Amino acid sequence: MSDNTLRSETISVSEKDDLGQGDILRLVGSKKPPHMGVIINADCDLANGKTDGIISYLPLYSLKEYLSEFWIVDFLASQKNQIISNILCTCAFPRDETDTLARWLHDDDNADIAKKLADAAELNQKSKARLEEQVGNYISVFCECQEPNKQFKRLCARQKNPDQYAQKQVHSAYKQMGDGHLVVNELLSEAKMGFVVRMRRIYSLDEGLFFKSERHFLTKNTQPNFAAIRVCKLSGVFQFKLAQLFAYQFSRVGLPDEFREMHSLVLDDVANSFSEEPA
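Residues numbered from 1 in each chain as written. Predicted model: local features only at pLDDT ≥ 70, side-chain atom pairs only at ≥ 80, totals over all residues. Heavy atoms only, no water.

1. What about the overall build of the protein?
Part 1: Helix and strand counts for the protein stand at 12 helices and 9 strands.
Part 2: Scaling as 2.2 N^0.38, a compact globule of 279 residues should have a C-alpha radius of gyration of about 19 Å, whereas the protein reaches 26 Å, well beyond that.
Part 3: Along the first, second and third principal axes, the C-alpha atoms of the protein reach 75 × 65 × 40 Å.
Part 4: Of all 279 residues assigned to the protein, the portion counted as buried reaches 37%.
Part 5: About 17,500 Å² of surface is accessible on the protein, with carbon and sulfur atoms providing 50% of the total.
Part 6: In the protein, the 34 positive side-chain charges and the 39 negative ones have mean positions that sit 6 Å from each other. (Helix = DSSP H or I, 4+ residues; strand = E, 2+ residues; numbered from the N terminus. Rg over C-alpha atoms; globule rule 2.2 N^0.38 Å. Buried < 20%, exposed > 50% of the residue type's maximum accessible area, 1.4 Å probe, protein only. Areas by Shrake-Rupley, 256 points an atom, 1.4 Å probe, with all protein chains shown as cover. Lys, Arg positive; Asp, Glu negative; His and termini not counted. Charge placed at Lys NZ, Arg CZ, Asp CG, Glu CD.)

2. Topic: the side chain of arginine 230
Part 1: Within the secondary structure layout, arginine 230 lies in strand 9 (residues 227-234).
Part 2: Of note is the side chain of arginine 230, whose polar atom sits 3.0 Å from the backbone oxygen of aspartate 18.
Part 3: Of note is the side chain of arginine 230, whose polar atom sits 3.3 Å from the backbone oxygen of lysine 212. (Polar contact = N/O pair within 3.5 Å; in protein donor to acceptor, adjacent residues only side chain to side chain.)

3. Examining the packing of helix 6 (residues 113-121) against helix 7 (residues 125-143)
Part 1: Two elements in contact, helix 6 and helix 7, have axes whose closest approach is 9 Å; the angle formed by their N-to-C orientations is 140°. The angle between helix 6 and helix 7 falls in the class oblique. For the pair helix 6 and helix 7, the sense of crossing is right-handed. Side by side, helix 6 and helix 7 meet where Ile113, Ala114, Leu117 and Ala118 of the first sit next to Lys128, Leu131, Glu132, Val135 and Ile139 of the second.
Part 2: Considering only residue class, the contact of helix 6 with helix 7 consists of 7 nonpolar, no polar and 2 charged. (Axes fitted to C-alpha atoms, helices over the stretch in contact; angles between N-to-C directions. Parallel < 35°, antiparallel > 145°, perpendicular 65-115°, else oblique. Left-handed = near helix turned anticlockwise from the far one by under 90°. Contact = heavy atoms within 4.5 Å. Nonpolar A, V, L, I, M, F, W, Y, C, P; charged D, E, K, R; others polar.)

4. Structural notes on helix 3 (residues 63-70)
Part 1: Taken together, the buried positions of helix 3 are occupied by Glu65, Tyr66 and Leu67.
Part 2: As for helix 3, its buried residues are in contact with strand 4 (54-62), helix 4 (72-91), helix 9 (162-175), strand 5 (181-186) and strand 6 (193-198).

5. Thoughts on the pattern of salt bridges
Part 1: For the structure shown, the criterion picks out 6 salt bridges.
Part 2: Where lysine 212 meets aspartate 18, a salt bridge forms, and the shortest distance between an N and an O atom there is 3.6 Å. Residue lysine 212 is found in the loop between strand 8 (210-211) and helix 10 (214-218), and its partner aspartate 18 is found in the loop between strand 1 (10-11) and strand 2 (23-28); the two are separated by 194 residues along the sequence.
Part 3: Take lysine 212: its relative accessible area is 25%, and that puts it in the partly exposed class.
Part 4: Among the charged side chains, a salt-bridge network with shared partners connects Asp23, Arg230 and Lys233. (Salt bridge = Lys/Arg side-chain N within 4 Å of Asp/Glu carboxyl O.)

6. A word on the layout of surface pockets
Part 1: The volume enclosed by the largest pocket comes to roughly 360 Å³.
Part 2: Taken together, 14 residues form the lining of the largest pocket, with Lys64, Phe152, Cys156, Ala166 and Val170 sitting closest to its centre.
Part 3: Within the residue set of the lining of the largest pocket, elements represented by two or more residues are helix 3, helix 8 (148-157) and helix 9.
Part 4: Residue composition of the lining of the largest pocket, grouped by class: 8 nonpolar, 3 polar and 3 charged.
Part 5: Reported here for the second largest pocket is a volume of approximately 200 Å³.
Part 6: The wall of the second largest pocket is formed by 13 residues, among which Asp18, Leu19, Leu46, Ile55 and Lys212 lie closest to the centre.
Part 7: Sort the elements by how many residues they give to the lining of the second largest pocket and helix 2 (residues 43-47) lands first, with 3 residues.
Part 8: Partitioning the lining of the second largest pocket into residue classes produces 5 nonpolar, 3 polar and 5 charged. (1 Å grid on protein atoms, 1.4 Å probe; cavity = no way out; pocket = protein on both sides within 12 Å on 5 of 7 lines; lining within 4 Å. Points joined across faces, edges and corners; volume = space filled by probe spheres on them.)

Encoded structure:
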């Protein structure tokens, strides 16, 4: 096996090859993400007809699709709350004014809200400037547009270094993914880079709706409204990693809370033993 093969994430596959675990699919007729998938059935089950006529696959998203579907809304909600909290802090208003302030910020007549808040709080010039920036951020991002991706783009644009801010947040989102995801940098069938296999949900489809190639699909007499067309395949090491992560995701055993609480007590006891030892 060549060094280049070992480093490959995906490999080409012949129309003659049987469907197998790790085959990457393009989902025809999918109106919303996921638009791709990865077969998860074992090769032996597929070869010996042990799937009951149903083939299962894991959803495969572009990284941008994944962020839009599973991260961006929660991130924006946290930023929205943070900006409101900052405004209240700048004005020295109580925390229980959060809902009132939010309604005021979303009011159609919010053009002079920063000035009104500054006057009510009797702010100095430095605090006024900070308040104007905070209110401007909130109105521009959360009041003038509703689509999450556009809100995130506007939030980035209002930072001192938009590119650096966006990179920091995306890197943070990547670290939050956890073990139930497999990130693939590139697919042979796609020009763009960055994909995520999400293992928290399994999709199934009648095996008659799976096609080994684009040609196989196009030459069928009747084309179904929804189908899965194989476009390439995960390389050996990535097939193994996929199976490993999938098995862990669906077979792990959680311990009762009592044991975790006991762990905390044990850790506290060890920490106390260090603090009590003479120097």
